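# Residue-level structure breakdown
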Amino acid sequence: MSGFGGFGGWRPALREARTGWPVLVVLAVLSAVLTVASLLWPPVFDDLSTKELNRRLAVAQAEGPLVVARATLNAPRNRAGQSTAPQFGSLDSDLTRVGEGLRQGASGELAHTLVRVSGRAQSDGMELKGQGVPQPHGNPASVSLAYAQDAAARVRWVAGRAPGQPDAAQQAPVELGMSRKGLEQFGLALGQRVMLEGQAGATEAVVVGEFAPLDGSDDLWRELPLLNEPLDAPEPSGYIRYGQALVAPAGLEAMEARGSLSLSASWVFEAAQQPWGTGGTTAGARELAAGARGFAVAARDRACGDIVSDMMPCPAGVRTVSPPQVQEQLSALVDRFAEQRARTVSLQSFALAGLLAIGVSTAVAAARLGARRREGVLRLQRARGAGEPALAAVRLLEAVPAVLVGVLAGRAVSGPSAGERPLGAWWPVAAVAVLVAGAPAVAVWWQGRALRRAGREPVQRRGVKRALGLSGRLVVEGTVLTLAAAGVLQLRLRGATSPGTADPDPQLAVVPVVLGLAAVVVVLRVYPVPLRVLTGWARRRRGTVALVGLSQAGRRSGAAATALLVLVPALACAVFGALVSGTVRNGRAEAAQWRTGGDAAVLWPAQRSLPLEELAKVPGVGGVLSVHGGVASLTAGEDGTVLRNVGLVGVDQEALAKLEPGSPVAAALSGAGLSAPLAPGAELPALADARTAARFPEGAFDADAGANRFRVRIVGVLPAGAERDRAVGPVVAEVAGGPLLVFGGPAAERLPRQTGQRNAAVLFAEPGRAGSAAGAQRIDGDRLRAVVAASAATAGVGGAGVAGGAVLRGAPVEVRDMAGQLKESTNDGLASALELAFRSAAAIGLLLGLTAVVLELLLGSAERGRMLAYLRTLGLGPRAAAGVQLVQLLPVMAAAVIGGTALGLGLPWLLGPALELRAFTSGPGAPSFAPDWTSIAIAALGLLVLVPCAAALEGVAGRRRVPQLLRLGEGAQ
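Bear in mind the structure is a predicted one, so any value in this text is a computation, not a measurement.

If you tally the helices and strands in the protein, you get 34 helices and 23 strands. Expressed as a percentage of its 973 residues, the buried residues of the protein come to 52%. Sequence separation of at least 24 residues holds for 82% of the intrachain contacts in the protein that already meet a minimum separation of 6.

Next up, the structure:
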């Protein structure tokens, strides 16, 4: 006998490999699918996350610019300090030079995100005088000249033309463009000449055009609100009407030539993610946030070099500029995104790990089928002296090329599909390829082990096995259960923090996979018990279908292990994904209700009075609750401990109790006796959240609320769940989860009105009922917004325009309605990507489960076919035979559905704090788990449908291989 180990040579091995091609094809396809999933997983979800970040940037910038640099632009001067401004043509280029220089000072991800910069410049206010020019409130109006590089694309000229260049720099009238409201409130008309008098003297101007904003909500009108509508403001001499006029850059250059020494300049940066940007990744988002925080220093260094001083202006073309001061909100937005993205990656890694584990289990099923189909040949080879290592090595040599072909095919598909984004790491592909390629060798070795054990006397156990009476199966099962318990314990002790700096969380990905194996172990141990009970029940009945089917299922209970190894994790992944998606969706809806407070809410700058009486008259409004909001830093009088970002809420407990009878905050405020009058300068009593109150019992604090300072004393503890009260959400949503103080009665009225913070008017369609989309629809939304707009327009004396324009930069007026908030809560791209990850993994996993069931059925098709042929010979009909096959599958399906569903629903309890979903909801606390029962039912129903389909496919495929009836001398086995 030639060859190695008595095997017979490599040529017979090659011939044998050709006979096992179906299994090799399955292994190649599995390798290709798992390779594509591993390599495309990061780029696909990075692309979705980048699109979501871009959407958030666009939404945020609709409320105002995220990055703005401000500085003073100085005209060229001689040694005597007199302006030597050029004639025309340099202002626009100097603004561009400085703005682009600042933008180029950004580095890394921030440099890719700041895609555009627009410069704006405006003069100081000048008195508006001239023949026929009225003086509102008995004082001359004040007008400043403004130029914006991006104004041409944001206005349309409804009359006249856009301002142009004066005929002469020294004496020709400066051309002005004004809005319709500006013309009306200043009493001007097109073609009218006026005089502008300021510190540099008087100059003549002429109105040449009337414009209207294309979009009155974009950042131009937020940065230069007086361009659109003037504002009346109190001064010691009385009210003065302030406004702005739009000019060409030559208009400001003419003012420089006439003695104006400086201009106020600002540069607004537009942030956006390129389609190939990496800001959607966790590392990219962190880099972007860090770059935004350091942009102020980088911008000053770029504009002024190493020496930065307010006393030494920096060169800016023919002009000089003071060191730019950067105001940015980009880092806060990206920090919130990065936190959500990190949690998304961790949960998505669990879905991917589950999918890879299911694929490897399917490969095990295919390998078992291959070993069973070659059982006769392998027996002959063993009889000829072939050793188990040689047989396993040949199976490995057969599988490696097939797996390699699958991996290369998967790589070929993944490359073009990923576009310009990098593919995922190769180590999961390599690990899976090794496991898939080694499955046939392990199956052959396991088969040989079973044959050796069946052909010899029981071996005397020694050592630990003898002392504990353990079998090999018990050792394996005990190891799996121990690893699962250790992993769960470590995860719960670790908490929500993800170890290391890698984006995926390996532990959160691997532990649920081990839990899936542990669930299969438990199911396999429990599986025979109800099966014996059902078989005993079937024996007492007259029919044979149930008895024969359940008996066959019991005889092949060991063969169900492979199918359950695939089906239980697949269904658990689907159920867990439905639980996560349902919890996130429900939590975002609850957070939307919390942020709104009632059926609608109007948020207003804290330093302005809410139009409560006007809002109460809006059709559909049944009640209005006024809530004061703020943020402060508290310094404890006992030990000097400083608490930052403490949310302050002031509310009338009697009004709250009337509008929301079950409010725990109203009950607590009433019980604490906070309605008593307060002496001037007295400490403001407040109720604190449980953690703060426990840390500082009866504590007194110095509260720093920006420009306001006052004393606070904790006199009680807020009840559990108080942070979820509808009176709290609208005004402290930005600092949710931190320390909270609630004031009632006179203390609520004495809370300082902080610049940049907002108060809220919470509207109820029907007092006593929680806010809802239906309640919001009962409120006349158009009328509500009209009242808000009219109230904002008349907040100053004499119908002053956008009242609040300048005031509202840091705290804009906002109208929230429940229907809109609920709709917005469904537009989160990260939550959608998370749902897509689990749904994709569940769909592919169930299809692989179908494959595993088909392979398992093929494994026992010959035995099952001969048994059915025996029954048909005894008179069993075709329908009854089909019923026997279906009943035989029912225990496996039931075990998979019960085990997979129980594991999926139990994972949140097992993972504990490691499964942190609050980052997705931004609510007052961790959302309560709310499974998506519809998706769970669909997954379970899909499994119940796929398994019989697999049986039907196997029946059609194996019909020619088994006899319909037995001939004389044949047996059923």
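So, about the pairing of strand E16 (residues 623-636). Among the 14 residues in E16, 10 count as buried, and that is most of the element. In this structure, E16 lies alongside strand E22 (residues 758-764), joined through five bridges in antiparallel fashion. The residue of E22 that forms the bridge with leucine 625 is valine 762. As paired strands, E16 and strand E17 (residues 642-651) are joined by eight bridges and run antiparallel to one another. Bridge assignment links histidine 628 to a residue of E17, and that residue is glycine 650. For E16 and strand E19 (residues 700-705), the ladder comprises four bridges, and the chain directions are antiparallel. In the strand pairing of E19, alanine 636 is matched with phenylalanine 701.

A word on unusual backbone geometry. A positive phi angle, close to 60°, is found at histidine 137, a residue other than glycine. One can find histidine 137 in the loop between strand E3 (126-129) and strand E4 (141-148). Assessed through its relative accessible area of 35%, histidine 137 is described here as partly exposed. For asparagine 645, which is not glycine, the phi dihedral falls at a positive 55°. By the secondary structure assignment, asparagine 645 is in strand E17.

What follows is about the state of the cysteines. Following the criterion strictly, the structure yields one disulfide and no others. With its sulfur 1.7 Å from that of its partner, cysteine 304 forms a disulfide with cysteine 314. Its S-S torsion of about 90° marks the bond between cysteine 304 and cysteine 314 as right-handed, since a negative value means left-handed. Taken as a pair, cysteine 304 in helix H9 (residues 295-304) and cysteine 314 in strand E12 (residues 314-316) lie far apart in primary sequence, 10 residues in all. Taken individually, cysteine 304 and cysteine 314 each receive the classification buried, so the pair is uniform in this respect.

So, about the pattern of salt bridges. Throughout the structure, instances matching the rule amount to 33 salt bridges. Between glutamate 52 and arginine 56 there is a salt bridge; the shortest N-O distance is 2.7 Å. Within this pair, glutamate 52 and its partner arginine 56 are both found in helix H2 (residues 21-62), separated by four residues, close to a single helical turn. Residue glutamate 52 shares its accessibility class with arginine 56, and that shared class is buried. Glutamate 398 is paired through a salt bridge with arginine 395; the nearest N and O atoms lie 3.0 Å apart. Here the residue glutamate 398 and the residue arginine 395 both occupy positions in helix H12 (residues 388-418), the gap between them amounting to three residues, near one helical turn. The two residues glutamate 398 and arginine 395 agree in class, both being buried. Among the charged side chains, a network of salt bridges with common partners joins Glu52, Arg55, Arg56, Arg588 and Asp828.

On to the nonpolar core, then. What tends to happen in soluble globular proteins is that the nonpolar side chains get buried as a cluster. Grouped together as the largest cluster of nonpolar side chains are 89 residues, with contacts concentrated most on Leu27, Leu347, Leu564, Phe576 and Phe838. Of all hydrophobic cores here, the second largest spans 63 residues; its members include Leu102, Leu114, Met126 and Leu330.

What follows is about the confidence of the model for the protein. Summarising the model, the protein shows a mean pLDDT of 79, and 82% of its residues fall at 70 or more. Averaged pLDDT values for the elements of the protein fall to 33 in helix H28 (residues 804-807) and rise to 92 in strand E6 (residues 174-179). Low pLDDT, under 50, characterises residues 960-973; the predicted model gives this stretch 32 contacts beyond four residues in sequence or across chains.

This paragraph deals with the packing of helix H10 (residues 330-373) against helix H16 (residues 506-526). When two helices pack together, their arrangement is given by the angle between the helix axes and the distance between those axes. At a minimum axis distance of 8 Å, the contact between H10 and H16 shows a crossing angle of 40°. By the angle class used here, H10 and H16 are oblique. Classified by chirality, the crossing of H16 by H10 is right-handed. Listed contacts from H16 to Ser346, Leu347, Ser349, Phe350, Ala353, Gly354 and Ala357 of H10 are Leu508, Ala509, Pro512 and Val513. Residue composition of the contact of H10 with H16, by class: eight nonpolar, three polar and no charged.

With that settled, consider the environment of leucine 378. In this fold, leucine 378 is placed in helix H11 (residues 375-383). Judged by its relative accessible area of 0%, leucine 378 is buried. Placed 66 residues apart in sequence, leucine 378 and valine 444 show a C-alpha to C-alpha distance of 8.5 Å.

As a further point, take the packing of aromatic side chains. Considering all chains together, one arrives at six aromatic pairs under this definition. For the pair phenylalanine 350 and phenylalanine 576, a centre-to-centre distance of 4.8 Å together with 90° between the ring planes defines the contact as edge-to-face. With a gap of 226 residues between them, phenylalanine 350 in helix H10 and phenylalanine 576 in helix H19 (residues 560-596) connect regions that are remote in the sequence. Each member of the pair, phenylalanine 350 as well as phenylalanine 576, is classed as buried. Measuring from ring centre to ring centre gives 5.6 Å for phenylalanine 576 and phenylalanine 838, while their planes differ by 75°; the resulting arrangement is edge-to-face. Highlighted residues: phenylalanine 576 in helix H19 and phenylalanine 838 in helix H30 (residues 829-859), separated in sequence by 262 residues. In this structure an aromatic cluster arises from ring pairing among Phe350, Phe576 and Phe838.

Turning our attention to helix H7 (residues 249-257). For H7, a buried count of eight out of nine residues is recorded, marking the element as mostly surrounded by other parts of the structure. Of the residues flanking the end of H7, it is glycine 259, one or two places downstream, whose phi is positive at about 120°.

Structurally, serine 414 can be placed in helix H12. Other than its neighbours up to four places away in sequence, serine 414 contacts Thr35, Val36, Leu39, Leu40 and Leu423.

Before going further, it helps to spend a moment on the packing of helix H8 (residues 282-293) against H10. Contact geometry for H8 and H10: axes closest at 9 Å, N-to-C directions at 165°. With respect to H10, the axis of H8 lies roughly antiparallel. The way H8 lies across H10 gives a crossing that is left-handed. When H8 is examined against H10, the residues Thr282, Ala285, Arg286, Leu288, Ala289, Ala292 and Arg293 are found in contact with a partner set consisting of Leu330, Ser331, Val334, Asp335, Phe337, Ala338, Arg341, Ala342 and Val345. Looking at side-chain class alone, the contact of H8 with H10 contains 10 nonpolar, two polar and four charged residues.

About the cut-offs
Residues numbered from 1 in each chain as written. Predicted model: local features only at pLDDT ≥ 70, side-chain atom pairs only at ≥ 80, totals over all residues. Heavy atoms only, no water. Helix = DSSP H or I, 4+ residues; strand = E, 2+ residues; numbered from the N terminus. Buried < 20%, exposed > 50% of the residue type's maximum accessible area, 1.4 Å probe, protein only. Contact = heavy atoms within 4.5 Å. Pairing = 2+ DSSP bridges. Disulfide = S-S within 2.5 Å. Salt bridge = Lys/Arg side-chain N within 4 Å of Asp/Glu carboxyl O. Core = buried A, V, L, I, M, F, W, Y, C linked by side-chain atoms within 4.5 Å. pLDDT = per-residue confidence, 0-100. Axes fitted to C-alpha atoms, helices over the stretch in contact; angles between N-to-C directions. Parallel < 35°, antiparallel > 145°, perpendicular 65-115°, else oblique. Left-handed = near helix turned anticlockwise from the far one by under 90°. Nonpolar A, V, L, I, M, F, W, Y, C, P; charged D, E, K, R; others polar. Phe/Tyr/Trp six-rings, centres within 6.5 Å; stacked < 30°, edge-to-face > 60°.

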